[in-house]
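# A structural walkthrough
The lines below spell out each chain.
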Amino acid sequence: MSSDLPILLLNGPNLNTLGTRQPDVYGVETLDDVVRLAERAAADAGFGLRAFQTNHEGEMIDAIHAARGEVSGIVINPGGWTHTSVALADALVIPEVPIIEVHISNVHAREEFRHHSYVSPIASGVIAGCGVAGYEFAVRRMAALVG
């Protein structure tokens, strides 16, 4: 499997603090560790990977808009926007590529407000509670979907 178009890895708010933010919930791996893990998984499947993180919703939406025709699929950890952002969900359909939603923690075992996702209904798959390994799983699944 391979593609001329990379997989896009998106990380939302506060994920830039991985490794220091609540390590009992999110682990000790950093965002750089996550990106390296995802890059290896993509390369193993014959894909490139483009990664982007922001704490600003408009920047995330702009990045999604710019992905149209430029990526084969999107793996996204929307962070807190998962539960709040209709605008993000609306943007994610614009590139017309598969979406896989990833969460490091098991959001369904946490606070009630985390049980709802605006992204899940448009996603081809959802991976939650597998730690940062969920990113690797998501990239491998995306490669299988678009390869």
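Refer to the preceding data block for the structure.
In this report, we go over the structure that sits alongside the text. Being a predicted model, the structure only gives us computed values, none of them experimental.

As summarised here, the arrangement of the 5 strands in space is S2-S1-S3-S4-S5, forming an open sheet in which the pairing is parallel. Two strands bound the open sheet, and with one partner strand each, they are strand S2 (49-53) and strand S5 (125-128). Looking at each pair of strands side by side, their axes are set apart by 15 degrees on average, direction ignored. Here helix H2 (residues 31-44) sits on the sheet and contacts strand S1 (7-11) and S2; the angle it forms with S2, its principal contact strand, is near 160 degrees.

In terms of residue burial, strand S3 (residues 73-77) counts as a mostly covered element, since 5 of its 5 residues are buried. Burial along S3 is two-sided: the face carrying Gly73, Val75 and Asn77 and the face carrying Ile74 and Ile76 are both buried. Sheet analysis places S3 next to strand S4 (residues 99-103), joined by 3 bridges and oriented parallel. When the bridges of S4 are listed, Ile74 appears paired with Ile99.

Considered as a void within the structure, the largest pocket measures approximately 170 Å³ in volume. The wall of the largest pocket is formed by 15 residues, among which Arg21, Tyr26, Gly79, Gly80 and Arg114 lie closest to the centre.

Analysis parameters
- All chains use their own residue numbering, which begins from 1 and follows the written sequence.
- At least 70 in pLDDT is required for a residue's local features to be given in this predicted model, at least 80 for side-chain atom pairs to be given and counted, and no such filter applies to totals for whole chains, interfaces and linings, which use all residues.
- Side-chain measures here rest on the full set of heavy atoms in the structure, leaving out hydrogens and waters.
- DSSP calls a pair of strands paired once it identifies at least 2 bridges connecting them.
- Only runs of H or I of at least four residues qualify as helices and only runs of E of at least two qualify as strands under DSSP, and these elements are numbered from the N terminus.
- Note on geometry: axes are C-alpha line fits, over the in-contact stretch for helices, and angles between N-to-C directions span 0 to 180 degrees.
- Contacts between residues were defined by any pair of non-hydrogen atoms, one from each residue, lying within 4.5 Å.
- Here the term buried applies to any residue with accessible area under 20% of the maximum for its type, exposed to any over 50%, and partly exposed to those in between, with areas from a 1.4 Å probe on protein chains only.
- Using a grid of 1 Å spacing that covers the protein atoms alone, one calls a set of points a cavity when a 1.4 Å probe fits there but cannot get out, and a pocket when the set is open and has protein on both sides within 12 Å along at least five of seven lines; lining residues are those with an atom within 4 Å of a point.
- Grid points are joined across faces, edges and corners, and a volume is the space filled by probe spheres set on the points.

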